[in-house]
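Residues per chain are reported as follows:
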Amino acid sequence: MKKIILVIVLSISGLGFSQGNTHTQAAGKFEGLAMTPPMGWNSWNTFETNIDEKLVKETADIMVSSGMAAAGYNYIVLDDGWMTRERDANGDLVPDPVKFPNGMKAVIDYVHSKGLKFGLYNCAGTQTCAGYPGTRGYEYQDARFYAKLGIDFLKYDWCNTQGITAKEAYSTMSNALKTAGKPIVFSLCEWGDNQPWEWGKPIGNLWRISGDIYPCFDCEFKHEQGNWSSWGFMKIIEMRKDIRKYSGPDHWNDFDMMEVGDGMTNTEDKAHFTMWCMMASPLIAGNDFRKMSKETLAILTNAALIAVNQDEIGIQGFKYAAEDGLEVWVKPLSNGNWAITFLNRSERIKKINFDWKKNTIKDVDFGYLADFNSTVFKITDLWKNKETGNTRKNFISELAPHDVIALKLTRKTE
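The name an unreviewed UniProt entry gives the chain is Alpha-galactosidase, with Flavobacterium chilense as the organism. Under the UniProt heading Catalytic activity (unreviewed entry), the entry covering the chain gives this text: "Hydrolysis of terminal, non-reducing alpha-D-galactose residues in alpha-D-galactosides, including galactose oligosaccharides, galactomannans and galactolipids."

Put into structure tokens, the structure is as follows:
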């Protein structure tokens, strides 16, 4: 009798368990939303939480009228500070009615009417980095909220996350977005502390690899409040080793929003933009478009460099050589072509005399090879927009401090 009772109890228990799990959830990110590095604008670098409807609309207008949209910039992402300090009675996030008097949907519809895409920010913790409501415990509710608004991009930060693990927290939000049903690019922003490149590919479309950027060439800016630093763009370039193999179409190493036009020299801005293109980083501008100089606009819309960044095979570049402050960075491109950047890290003018035939470039992570003894390449200067010979002869030039020369090598068919 006891055996029969035991069997019955187990059967009932098993039946109850199966009834509670009849819905199979589709896990993981929306695939194919970022086959090339995303391009756009984010509010944080310049405005922090001082954002409003007027700023968004003006930025959208200028993105179109300036030619940035035509160059490929299509995301407008509102960072921290877009919501009120408390959720409503139903637990929903509330767009700040002072900053957005017509509601967030009206702003999003306006951006969409310009042919652009729209993104919002939140955080995996209990509060955002600026102290607004975080998503912890509200992942599926917030995902439905974003889907109803019609956003296209979610930047998801990592403040106030005590007691949770990054992989689990980002997986939960990724699954929540998928369940909500609206395709949304998922940007993981946990600063590289938990090696997201090792586990992020099925979860997100891009992941930050460092702490916040700072508008300087190669500095560390230590914040007075809190034990943390922001980093010059070359510090970020050098911060992580051996992670390029994890980056590619729809799963990008994100080197942070750009500081082009935010206070560095024009030469440093040019170097910054070039290196982001070489690293296949998302190209997210962070400057005030309303005050943008023609020099800044020319840098951000350099079509030849953008083509390097957006190359379809999606391979991140790497440092090939360095000597006394002069560095050579290389990036494999489609059709057997290459991008080559000479970078002057020093404070002195550097002379370049690069003998192609003495430099066979091997990409050990992806298997690409450039043998200049067996293949001749045409050389195009990507900033001067002109051909400068081929690889039969040494490349000879001079390079100012913090400056770059960016070349495209195109296989010659003879």
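Peer 1: So what exactly am I meant to see when it comes to the packing of helix H6 (residues 139–149) against helix H7 (residues 166–180) here?
Peer 2: Look at H6 against H7: their axes get within 8 Å of each other, and the N-to-C directions meet at 45 degrees. Taken together, H6 and H7 sit at an angle that is classed as oblique. In this structure, H6 meets H7 at a crossing whose hand is right-handed. Residues Glu-139, Tyr-140, Ala-143, Arg-144, Tyr-146 and Ala-147 of H6 touch H7, and the partners they reach there are Thr-172, Met-173, Asn-175, Ala-176, Leu-177, Thr-179 and Ala-180. The class makeup of the residues in the contact of H6 with H7 is eight nonpolar, three polar and two charged.

Peer 1: Honestly, the pairing of strand S11 (residues 318–323) in this entry has me stumped. Any pointers?
Peer 2: For a regular strand, the rule is simple: side chains alternate between the two faces of the sheet. Pairing of S11 with strand S12 (residues 326–332) involves five bridges; the strand directions are antiparallel. Note that in S12 the partner of Ala-322 across the bridge is Glu-327. Hairpin connection of S11 to S12: two residues between the antiparallel strands, including Asp-324 at a positive phi of 55 degrees.

Peer 1: What's the story with helix H3 (residues 53–65) in this structure? I'm lost.
Peer 2: One turn of the α-helix equals 3.6 residues, which is why residues spaced by three or four share an orientation. Spanning 13 residues, H3 covers 18 Å between terminal C-alpha atoms, matching the ideal 18 Å at 1.5 Å per step. The backbone nitrogen of Lys-54 lies 3.3 Å from a side-chain oxygen of the residue at the head of H3, namely Asp-52. Two residues or fewer past H3, Gly-67 is found with a positive phi of approximately 95 degrees.

Peer 1: How should I be thinking about empty space enclosed by the protein in this particular structure?
Peer 2: Rolled over the atoms, a probe with the dimensions of a water molecule shows which regions are left empty. In this structure the tally under the stated criterion is one cavity of 30 Å³ or more. Of the volumes computed, that of the largest cavity is approximately 100 Å³. Lining the largest cavity, in full, are Asn-42, Val-77, Phe-153, Lys-155, Ser-187, Leu-206, Arg-208, Asp-254, Asp-256, Met-257, Pro-282 and Ile-284. Of the residues assigned to the lining of the largest cavity, the class counts are six nonpolar, two polar and four charged.

Peer 1: Any chance you could explain the domain arrangement of the chain here in plain terms?
Peer 2: Buried accessible area, meaning the area lost when the parts come together, often serves as the stated size of an interface. In terms of domain boundaries, the chain breaks down into domain 1 (39–310) and domain 2 (318–411). Distance from the C-alpha centre of domain 1 to the C-alpha centre of domain 2: 31 Å. Counting from both sides, the interface comprises 24 residues of domain 1 and, opposite them, 24 residues of domain 2. Roughly 2100 Å² of surface becomes buried between domain 1 and domain 2 when both sides are summed, with 66% attributable to carbon and sulfur atoms.

Peer 1: When you look at helix H10 (residues 266–278) in this model, what are you seeing that I'm missing?
Peer 2: In this model, H10 (13 residues) spans 18 Å end to end at C-alpha, consistent with the 18 Å of a helix rising 1.5 Å per residue. Most of H10 sits out of view: eleven of its 13 residues are buried. Of all the residues in H10, the buried ones are Glu-268, Asp-269, Lys-270, Ala-271, His-272, Phe-273, Thr-274, Met-275, Trp-276, Cys-277 and Met-278. Two residues or fewer past H10, Ala-280 is found with a positive phi of approximately 55 degrees.

Peer 1: Explain the layout of surface pockets here, please?
Peer 2: By volume, the largest pocket amounts to about 680 Å³. Considering the residues around the largest pocket, the lining is formed by 30 residues, among which Trp-44, Asp-212, His-223, Trp-228 and Ser-230 are closest to the centre. Elements with a contribution of two residues or more to the lining of the largest pocket: helix H2 (44–47), strand S4 (153–157) and strand S8 (229–231). Looking at which element gives the most residues to the lining of the largest pocket, the answer is S8, with three residues. Tallied by class, the residues present in the lining of the largest pocket amount to 15 nonpolar, five polar and ten charged.

Peer 1: I would appreciate a short explanation of the packing of H3 against helix H5 (residues 104–113) in the present structure.
Peer 2: Relative orientation and spacing of two packed helices are given, respectively, by the angle between their axes and the distance between those axes. Direction vectors running N to C along H3 and H5 enclose 5 degrees, while the axes themselves pass 10 Å from each other. Considering the angle they form, H3 stands roughly parallel to H5. Residues Glu-53, Val-56, Lys-57, Ala-60 and Asp-61 of H3 form the contact with H5, whose own contacting residues are Val-107, Tyr-110 and Val-111. For the contact of H3 with H5, the class distribution of residues is five nonpolar, no polar and three charged.

Peer 1: Would you mind showing me how to read the sheet that holds S4 here?
Peer 2: What links the strands of a sheet is backbone hydrogen bonding, and the strands pair in either a parallel or an antiparallel sense. Taken in spatial order, the eight strands make up an open sheet running S9-S6-S5-S4-S3-S2-S1-S10, and their pairing is parallel. Strands with a single pairing partner mark the edges of an open sheet, and in this sheet they are strand S9 (252–254) and strand S10 (283–285). Averaged over all pairs of adjacent strands, the angle between their axes in this sheet comes to 25 degrees, without regard to strand direction. Relative to strand S6 (residues 206–208), strand S5 (residues 185–188) runs parallel, the two being bridged by two bridges. In the strand pairing of S6, Leu-188 is matched with Trp-207. Along the sheet, H3 contacts strand S1 (39–42), strand S2 (75–77) and strand S3 (117–123); its crossing angle with S2, the most-contacted strand, is approximately 160 degrees. Across the sheet, H6 touches S3 and S4, and the angle it forms with S3 is around 160 degrees.

Conventions we followed
Residues numbered from 1 in each chain as written. Predicted model: local features only at pLDDT ≥ 70, side-chain atom pairs only at ≥ 80, totals over all residues. Heavy atoms only, no water. UniProt positions renumbered as here; feature names shortened; annotations may be inferred. Axes fitted to C-alpha atoms, helices over the stretch in contact; angles between N-to-C directions. Helix = DSSP H or I, 4+ residues; strand = E, 2+ residues; numbered from the N terminus. Parallel < 35°, antiparallel > 145°, perpendicular 65-115°, else oblique. Left-handed = near helix turned anticlockwise from the far one by under 90°. Contact = heavy atoms within 4.5 Å. Nonpolar A, V, L, I, M, F, W, Y, C, P; charged D, E, K, R; others polar. Pairing = 2+ DSSP bridges. Expected span 1.5 Å × (residues − 1). Polar contact = N/O pair within 3.5 Å; in protein donor to acceptor, adjacent residues only side chain to side chain. 1 Å grid on protein atoms, 1.4 Å probe; cavity = no way out; pocket = protein on both sides within 12 Å on 5 of 7 lines; lining within 4 Å. Points joined across faces, edges and corners; volume = space filled by probe spheres on them. Domains from an automatic or database assignment. Buried area = accessible area lost by both parts, 1.4 Å probe. Buried < 20%, exposed > 50% of the residue type's maximum accessible area, 1.4 Å probe, protein only.

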